[in-house]
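Residues per chain, in single letters:
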Amino acid sequence: MPQTHPHPDVDRVLLDEQQIRERLAELGEEIAADYADEPPILVGVLKGAVMVMADLAREIDLKVEMDWMAVSSYGSGTKSSGVVRILKDLSGDITGRNVLIVEDIIDSGLTLKWLLSNLRSRGPKSVEIAALLRKPEAARVEIDVKYIGFDIPNEFVIGYGLDFAENYRNLPYVGVLSRSIYED
Ligand SMILES: O=P(O)(O)OC[C@H]1O[C@H](OP(=O)(O)OP(=O)(O)O)[C@H](O)[C@@H]1O
Ligand code: HPA
Ligand SMILES: [Mg+2]
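First, a word on scope: everything that follows refers to the structure included in this document. This is a predicted model, so every value here is computed, not measured.

Observations concerning the pairing of strand 6 (residues 126-134)
Across the nine residues of strand 6, seven count as buried, placing the element largely inside the fold. Once you follow strand 5 (residues 98-106) into helix 3 (residues 110-120) and on to strand 6, the crossover reads as right-handed. When strand 6 meets strand 7 (residues 147-151), the two strands line up parallel, connected through four bridges. Bridge pairing in strand 7 links Ala 131 to Ile 148.

Next up, the structure:
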């Protein structure tokens with residue numbers, strides 16, 4: 001059954017399903033135009049980017065490939081540990097290819113900084129980033145992002161792939177997690 005009401009652990013909804021769908025459609029069109037000559041490999045960053053990848057990829061009218069990496073820096077908390085671990089690597093070779101990283105959120109930027117340098121070391125033709133969300137006030141490193149969905153306030157958000165301790169990823173919207181859930 002569709003989830004229609006904000007979850008009780010959600011303080012407020014930041015982006016509803018329609019806002020997300022419309023913005024991803026715009027980004028998909030831009031991406032299709034930019035990569036018309038040489039379509040990219042979309043690299044989704046598990047697990048958070050699953051929903052963005054699924055919905056964005058369907059808005060890109062090109063013969064794209066999809067691959068996945070799993071990295072983790074947050075563990076079960078609300079702050080980045082700063083230590084990025086590869087839990088699953090790409091299954092294919094990206095040498096000489098256009099790579100478009102698909103992410104759910106840029107928070108401190110540490111995950112993407114690490115991922116960019118990791119992927120660039122494999123000899124791709126280009127590496128760019130498409131991220132649904134960015135928290136400008138939380139940035140600890142500068143990241144050059146080509147496609148950004150929304151800039152959001154510096155609060156911990158859940159839903160549409162984003163978790164807190166592995167929960168809430170299946171909420172169809174992006175909401176702010178109530179502080180009572182993670183503070184005593
Ligand atoms: O900009 P940063 O501060 O590095 O944070 C962003 C990263 O953190 C989250 O991943 P997480 O490590 O929680 O893994 P997950 O996608 O499996 O939830 C999110 O999906 C991004 O990959
Ligand atoms: O605000 C967030 N919510 C969920 N996961 C995250 N990973 C980095 N920032 C966030
Ligand atoms: Mg997470």
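From this point, things continue past the structure.
Focus on the pairing of strand 3 (residues 65-72)
Bridging between strand 2 (residues 41-46) and strand 3 involves six bridges; their strand directions are parallel. Bridging from a neighbouring strand, Val 43 pairs with Asp 67 of strand 3. For the handedness criterion, the β-α-β arrangement of strand 2, helix 2 (residues 50-57) and strand 3 is classed as right-handed. Sheet topology places strand 3 next to strand 4 (residues 85-88); three bridges connect them, and they run antiparallel. When the bridges of strand 4 are listed, Val 71 appears paired with Ile 86.

Describing the side chain of Thr 111
Summarising the element assignment, Thr 111 is placed in helix 3. A residue is classified by how much of its surface remains accessible, and Thr 111, at 15% relative accessible area, is buried. Among residues more than four places away in sequence, those in contact with Thr 111 are Val 71, Ser 73, Val 84 and Glu 103.

Looking at the pattern of salt bridges
Scanning the model with the defined rule gives 13 salt bridges in all. The salt bridge involving Arg 169 is made with Glu 166; its shortest N-O contact spans 2.8 Å. Assessed through its relative accessible area of 43%, Glu 166 is described here as partly exposed. One salt bridge in this structure joins Arg 179 and Glu 183, with 3.1 Å as the shortest N-O distance. The exposure class assigned to Glu 183 is partly exposed, which follows from its relative accessible area of 40%. The structure contains a network of salt bridges with shared partners spanning Lys 47, Asp 163, Glu 166 and Arg 169.

Structural notes on the sheet that holds strand 1 (residues 10-15)
The three strands lie next to each other as 1-9-8, forming an open sheet whose pairing is antiparallel. With one partner strand each, in any of the chains shown, strand 1 and strand 8 (157-158) form the two edges of the open sheet. Where strand 1 lies against strand 9 (residues 174-177), four bridges are found, and the strand directions are antiparallel. Following the sheet pairing, Val 13 is matched in strand 9 by Gly 175.

So, how was this worked out
Residues numbered from 1 in each chain as written. Chains lettered and ligands numbered in written order. Predicted model: local features only at pLDDT ≥ 70, side-chain atom pairs only at ≥ 80, totals over all residues. Heavy atoms only, no water. Buried < 20%, exposed > 50% of the residue type's maximum accessible area, 1.4 Å probe, protein only. Helix = DSSP H or I, 4+ residues; strand = E, 2+ residues; numbered from the N terminus. Right-handed = clockwise from strand over helix to strand, strands pointing away. Pairing = 2+ DSSP bridges. Contact = heavy atoms within 4.5 Å. Salt bridge = Lys/Arg side-chain N within 4 Å of Asp/Glu carboxyl O.

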